[in-house]
Structures are given as C-alpha cells and as structure tokens.
Amino acid sequence: MSRPTKPISVLSDNIISPLGRTTDENYRQLKAGVSAIRNHQDQARSPQPFYASLLSQGLPAPDLSSPGAYTLFEQLLIDSAANALEGTGVSLGDPRTVLIISSTKGNISLLESDPGQPRPLERISLHSSGLRVAQCLGYNRAPLIVSNACISGLLAMLTGMRLIESGSYDHAVVTGCDLITKFILSGFQSFQAVSARPCRPFDLDRDGITLGEAAATVVLSALGAKQDFIKIRGGSVTNDANHISGPSRTGEELAMAIGHALQQAGLSPSEIDFVSAHGTATPYNDEMEAKAISLAGLREVPVNSLKGYYGHTLGAAGLVESIISLHSLQDSLVLPTPGYNQPGVSEPIHISSNLQPLMRSRNFLKTASGFGGCNAALVFGR
Amino acid sequence: MIHLPDQLYINASSLISQQVVYKDRRPVFSDQGSDLQGFLRSAYQGLQVNYPKFYKMDNLSKLGWLCAEWLLRDHFSGEVYRPQDVGVVLSNANASLDTDIRYFESTRQFASPALFVYTLPNIVIGEICIRHHFQGENAFFIFEHFDANFIEQYVGNLVNNNILQACICGWVDCLGDGYKAALFLVEKKPGPQAMEFTAENILTIYHSDNG
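A quick note: this is a predicted structure, and the numbers were derived from the prediction, not measured.

Reading the values: rules and limits
Residues numbered from 1 in each chain as written. Chains lettered and ligands numbered in written order. Predicted model: local features only at pLDDT ≥ 70, side-chain atom pairs only at ≥ 80, totals over all residues. Heavy atoms only, no water. Helix = DSSP H or I, 4+ residues; strand = E, 2+ residues; numbered from the N terminus. Rg over C-alpha atoms; globule rule 2.2 N^0.38 Å. Contact = heavy atoms within 4.5 Å. Areas by Shrake-Rupley, 256 points an atom, 1.4 Å probe, with all protein chains shown as cover. Buried < 20%, exposed > 50% of the residue type's maximum accessible area, 1.4 Å probe, protein only. Pairing = 2+ DSSP bridges. Expected span 1.5 Å × (residues − 1). Axes fitted to C-alpha atoms, helices over the stretch in contact; angles between N-to-C directions. Parallel < 35°, antiparallel > 145°, perpendicular 65-115°, else oblique. Left-handed = near helix turned anticlockwise from the far one by under 90°. Nonpolar A, V, L, I, M, F, W, Y, C, P; charged D, E, K, R; others polar. pLDDT = per-residue confidence, 0-100. Polar contact = N/O pair within 3.5 Å; in protein donor to acceptor, adjacent residues only side chain to side chain. Domains from an automatic or database assignment. Buried area = accessible area lost by both parts, 1.4 Å probe. Salt bridge = Lys/Arg side-chain N within 4 Å of Asp/Glu carboxyl O.

## Observations regarding the overall build of chain B
Now for step 1: What chain B contains, in helices and strands, is 7 helices and 8 strands.
Now for step 2: The C-alpha radius of gyration computed for chain B amounts to 17 Å, which stays within 12% of the reference 17 Å derived for 211 residues, consistent with globular compactness.
Now for step 3: Its C-alpha atoms give chain B principal-axis dimensions of roughly 65 × 35 × 30 Å.
Now for step 4: Excluding contacts between residues fewer than 6 apart, the proportion of contacts in chain B whose partners are at least 24 apart in sequence is 68%.
Now for step 5: Summed over its atoms, the accessible surface of chain B is roughly 8400 Å², and 49% of this surface lies on carbon and sulfur atoms.

## Description of unusual backbone geometry
All names here are of chain A.
Now for step 1: The backbone of Gln 192 shows a phi angle near 60°, a positive value even though the residue is not glycine.
Now for step 2: Topologically, Gln 192 is positioned in the loop between α6 (182-190) and β7 (211-212).
Now for step 3: With phi around 55°, Ser 332 is a residue other than glycine that occupies positive phi space.
Now for step 4: Turning to its location among the elements, Ser 332 is positioned in the loop between α10 (317-330) and β12 (333-334).
Now for step 5: In this structure Ser 332 comes out as partly exposed when scored by relative accessible area, which is 27%.

## Examining the sheet that holds β7(A)
Think of a sheet as strands paired side by side through backbone hydrogen bonds, with each pair either parallel or antiparallel.
Residues and elements named next belong to chain A.
Now for step 1: An order of β2-β3-β7 is seen for the 3 strands of this open sheet, with the pairing classed as mixed. The two strands at the open ends of the sheet, each matched to only one other strand, are β2 (38-40) and β7.
Now for step 2: Strand direction decides the pairing type here: strand β3 (residues 50-53) and β7, joined by 2 bridges, are parallel. Bridge pairing in β7 links Ala 52 to Leu 211.

## Thoughts on helix α7 (residues 252-265) of chain A
All names here are of chain A.
Now for step 1: Compared with an ideal rise of 1.5 Å per residue, which puts 14 residues at 20 Å, α7 spans 20 Å between its outermost C-alpha atoms and is within 8% of the ideal.
Now for step 2: With 11 of 14 residues buried, α7 is to be regarded as a mostly interior element.
Now for step 3: Among the residues of α7, those classed as buried are Glu 253, Leu 254, Ala 255, Met 256, Ala 257, Ile 258, His 260, Ala 261, Leu 262, Gln 264 and Ala 265.
Now for step 4: Next to the buried residues of α7 lie α5 (152-165), β9 (231-239), α8 (283-295), β15 (363-370) and β16 (374-381).
Now for step 5: A positive backbone phi angle near 70° is found at Gly 266, which sits one or two residues after α7.

## Some thoughts on the packing of helix α2 (residues 59-72) of chain B against helix α5 (residues 123-132) of chain B
Residues and elements named next belong to chain B.
Now for step 1: Direction vectors running N to C along α2 and α5 enclose 40°, while the axes themselves pass 9 Å from each other. Viewed along their axes, α2 and α5 adopt a mutual orientation that is oblique. Seen along the crossing, α2 lies across α5 with a hand that is right-handed. Together, Leu 60, Ser 61, Gly 64, Trp 65, Ala 68, Glu 69 and Leu 72 of α2 and Ile 123, Val 124, Glu 127, Ile 128, Arg 131 and His 132 of α5 make up the contact between the two elements.
Now for step 2: Here the residues of the contact of α2 with α5 are counted per class, giving 7 nonpolar, 3 polar and 3 charged.

## Observations concerning the confidence of the model for chain B
Parts of the prediction with low pLDDT should not have their coordinates interpreted in detail.
Now for step 1: Across chain B, pLDDT averages 95, with 98% of residues at or above 70.
Now for step 2: Interface confidence for the predicted complex, given as ipTM, is 0.97, next to a pTM of 0.97.

## Here's the deal with the side chain of A:Thr210
All names here are of chain A.
Now for step 1: For Thr 210, the position within the fold is in the loop between α6 and β7.
Now for step 2: Judged by its relative accessible area of 1%, Thr 210 is buried.
Now for step 3: In terms of polar contacts, Thr 210 uses its side chain to reach the backbone amide nitrogen of Cys 199, at 2.8 Å.
Now for step 4: Residue contacts for Thr 210: discarding those within four places in its chain leaves Ile 37, Tyr 51, Ala 52, Arg 197, Pro 198, Cys 199, Gly 311 and His 312.

## Some thoughts on the pairing of strand β3 (residues 26-30) of chain B
Residue and element names in this part refer to chain B.
Now for step 1: In this sheet, β3 lies alongside strand β2 (residues 20-23) in antiparallel orientation, the contact comprising 4 bridges. Each bridged residue has a counterpart across the sheet, and for Tyr 22 the counterpart in β3 is Pro 27.
Now for step 2: Taking the residues that link successive antiparallel strands as the turn, the β2-β3 hairpin has 2 residues, and the phi of Asp 24 there is positive, at about 45°.

## Overview of the domain arrangement of chain A
All names here are of chain A.
Now for step 1: What the domain assignment lists for chain A is domain 1 (8-221) and domain 2 (231-381).
Now for step 2: One C-alpha centre belongs to domain 1, the other to domain 2; they are set 21 Å apart.
Now for step 3: Between domain 1 and domain 2, the residue contacts involve 64 residues of the former and 65 residues of the latter.
Now for step 4: Each partner contributes to the roughly 4900 Å² buried at the junction of domain 1 and domain 2, and carbon and sulfur atoms together form 71% of this total.
Now for step 5: By the criterion of area lost to domain 2, the three top residues of domain 1 are Leu 154, Phe 202 and Arg 206, representing 18% of everything that side buries.
Now for step 6: Here domain 1 is connected to domain 2 by 2 salt bridges.
Now for step 7: A salt bridge links Asp 331 to Lys 31, with the nearest nitrogen and oxygen atoms 2.9 Å apart.
Now for step 8: Between the two partners, domain 1 and domain 2, sit 20 residue pairs in polar contact (both at pLDDT 80 or more).
Now for step 9: Contributing elements (two or more residues each) for the side of domain 1 that touches domain 2: β1 (8-16), α1 (23-31), α5, β6 (171-178), α6, β7 and β8 (214-221).

## Points about the interface of chain B and chain A
Now for step 1: The interface of chain B with chain A comprises 47 residues on the first partner and 52 residues on the second.
Now for step 2: When the two sides are added together, the surface that chain B and chain A hide from each other amounts to roughly 4100 Å², 62% of it contributed by carbon and sulfur.
Now for step 3: Taken as a group, B:Phe104, B:Phe116 and B:Gln135 account for 15% of the area that chain B buries against chain A, more than any other trio of residues on that side.
Now for step 4: Remark: the boundary between chain B and chain A carries 2 salt bridges.
Now for step 5: Counting the contacts that link chain B with chain A gives 21 residue pairs in polar contact (both at pLDDT 80 or more).
Now for step 6: Those elements that place two or more of their residues in the side of chain B that touches chain A are α3 (97-107), α4 (113-116), α5, β5 (138-142) and α6 (148-160) of chain B.
Now for step 7: Top element by residues in the side of chain B that touches chain A is α3(B). It accounts for 7 residues.
Now for step 8: Of the residues contributing to the side of chain B that touches chain A, the split by class is 26 nonpolar, 15 polar and 6 charged.

Spelled out as structure tokens, the structure:
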C-alpha cells in the first residue's frame, strides 16, 4: 500500500452539538466533564422516556412550503460547514474544492408525517437535500454523499483524503449530520439496543447505546503541509463478511483496517499515543473492538470512547470524535470514557477513565464499525 | 516524475433491468410475467443455488446480491485473491428508502428489527461480502444519476494504489417497482471478455438495456 503522496492537513473544523456551536465550545465542555446526554420524555419520538443527546428538542419543525426553507438536517450542515470554512481561505466556489456529505438517514423525519399525508419522498432523498445544502454554501455542483452506516464520517474523510491525494482536488470540505427521530430511535429500541441509562462503553455493566444528534465539519487541504496542522496520515476500510447486524467474533477485520492505516501512515503501533474507539457500549461491539485493539498491538495504549458525552451521533460520529481527539492531541491530553467504571471486555486493554496528560502527543488512531459489517480506521498525526 | 495509472479491465458485467438479467451485455434470464418481488424470486430460482438467506433480504439487497451472483459466475476465481484484496463500491439514488418506508409502516403496529437492519444502503454490500467472503474496502455513495466518471476515478485509484486487487462496483437502486442494477468486475489483468475500464465503457454497459 502506498504512502500518501502529499500530507493532507486538517485546516479547520466545527462541531454543533447540545454542548456548543463551535469546536472550542464543545471541547471546553468535554474537558470540564460535561455530558450532553439527558433523560427525555417526548411522545413524538418514543412512548417511553429515553436518554439521548438532542439538539432538536423543543424546536418547531420548519415550514417547508416556503421556498428557500431548510430542514433542521440541512440547516445544521450549512451552519457547521460555514463555521468551519470561516477564515480558512478555502472556498466552496473554487472548482478545486470538493464538498462531501456524510449521513445515514438525512431528512428521514419527513417520512414521519401523519398517515394519509403525502410524503415528500423527493426531499427525503439524500441527493436532493445534499444539493440544497451545497447550493446554499455556494457549491455549484452535486456534492459527493457517503452513506455507509456508522463508519460514514470516517469513510467521508478518507474519501476526501484520497480525492486530494489523487490530484483531483486541493481541498475537501467534509460535513456530516444525523438527527434522532422516531424512525431511528424505534429501530434501535426494536433491537433492544438502547440502554435504559446513559451508555457505559467498555464497562462490565454496559447494556446498549445512547443516541445523539450533532453536525460536524472538517476542512482538509493539500496546502498547509509545512505548517503545524494535524494531518490525516493513513486510513483503511474493511468488511467482516460475517453478519449484517452483528460484529465479528474475532475483531480480525477491524484489526486489519488498523494495520493497513498504520502501514499507510508509516507508523508502528508503539507510535500511537491514544485510540479514540467507536465504543458504542453494546456488549458485542465493545468486545469486538477490544479484541481488534489487542490484535493490532495497541494493548498498552490509552483508549477512550466519547459516546458518554455525545451518545452515538451516527453519520456525524466519525467527524465529531476525530475533531475532539485532534484537539485533545494538540492539548496533550487524553479524555476519559464517561460511563466506564470497571473492565467489561475479555482483553486487558487500557481504557482511559480519567482526564490524563499525554507523555507524547504525536499521533492518534480513530476507529469505527457499523451495520453491514463495515470497519474503518484513520490515523491522524503531526 | 508522473506515474501514469495502469490500464485496468472490466472482466465481467451484469445488469438487471426491466425484468431481464444481462451478463456481459447478453440477456441470460427474463421473466416478464411478474412484479419485482416475483421477478427477484424467479431470478434467484433461475440461478439454481442454495442460499436460504436470500429470502430474508429486502428488495435492494436481493437485487444487488443477484446481480453480483451473475457477475461472478464463470470467469471469476476468487481463490487467486486474499479476502482483503477484493472490495465492493456501490452507489444509487434512493439509498434504502424502499425499505425505510416499509419499516416505518411497521412501527405503526410493531417496529420490526428484521426490517430496520435493512434501512441502510450499505447492507447490500454486507450481503455480497458475506456470500463471497470479500473483506476489502467498501463504500456506498449516493448520486441522483449513475456517475461513471466517479466510479472510474474512485475505483481506479483503489486498485492502482494496491488498496484493492479487484473490485465489484456499480449501481444498485430500488424504489417501489422502479429499479436498476449494474455491476462491474474490475481487475488488473484482462480476462477473455475484457473491456478497458473507462467511463465510456462503463456507460455503454450501463445503457446496454437501452435504458
């Protein structure tokens, strides 16, 4: 596998979540130990109360009959991308810039109209909502849209990296969002996958996920190579080829993605300073990840999951968690894993349970896995 | 020094459209007498393989799985590759909306986990990978229309950079009774039916149903 021919810098980023509308606001809250997960009672989403990290709670649904109106999904992408682009000098009007959107379900809430009402299927299509977002941001082509379950955010960044590497573009604006509507919540509840408490990644008592809403954006560029920006150094995607909704029993396939990503970055496992895992807090996911981390030679390396702060933000998760990790690398800190109390996986990996200084802060690894058997690993570093 | 990418080859293609299956641009199966559900079932039976999991899939996965099955018959020898060297890159316009609608209807009575798992477009990639034990790169992209240039560029990159040695790529789309699937087997060495892997050839095959 070839090395990146040119370093791809993360020039700028943004997170919009219940914890703030900029990355700085979000990162400060996480450092202070604040979680966005709350108990919600909302009949429109669920007959029972549920824990989640919600942006949309209490917001009226926009009136889409007026031209130029945006759904909340579209507006969050627009706001996040616009904030990330500020001051970068990168323009979406530039033909050398590509816009990439990551989402699993986009405008799916529009399916939830009353029975008998016409369903705006055209607006639910990701290419249609993506085009509206693009046009509002001054991007005069169709955006590239990645919809690959819970690895969408990492795959979208990896795609941006590859399109820049291949010389097709100089910059990539990668933005992602998902909202937790009745559709998504009822689905995970039907799987018995939603915890009755805030999620507890890698913990002995973990019993399921908590869902969350966020939008996030990174601006990637081939420029800035000599400056102090964090770079994407390598990445890989694999498939378990085992089960569409259950993770691998061995973790070998995620370990393979980690191995490929490290190889592309030209790094050995000992050069990784921390791992930001997917850590959804389902019994099977976290067990599989622990095996993969161990197989990849990262048993001694601090591992965290940020799901206890934000819940699982689906198509935004890879972006949100990479951005927070990137800032914690720059801050020479590794964040804890809220909800984790006692070891609950079969491999003795090193779960970060306190905010701790990093002795060395050069590189970190971000992983994710999802339905369909997909796994992704990205290596970021200075 | 500029390194020109090597020429890659489409060693097989399969197309399912308007109740006809085409292999390497020749019709190999047809059943005009039924709706999409019935057609997918008879196309499966026409393959004469035993894969009971097929019946659990949603229409999008059945369509993509069948198309891959026809694609890889005859002249694909999977054993020359390691599992991680074969990938699947797919695209469509309607993501999983066909099943999203069915799933959401189910929630009015009892939310069905068996339907919910298919409310992601990349599940069809998972089904193809399980069947053929492919473990390499996979990606699902959404376009309003099939974008042959993107497929040529993205897949070309994966294979030329040795991230993959072979790739199954193309379009699998389904909403209501409207559907189309077109898959391409891309490899480095030309096989007996090889066409050069170019956007032009991809489009010629994609339109060989005159659609």
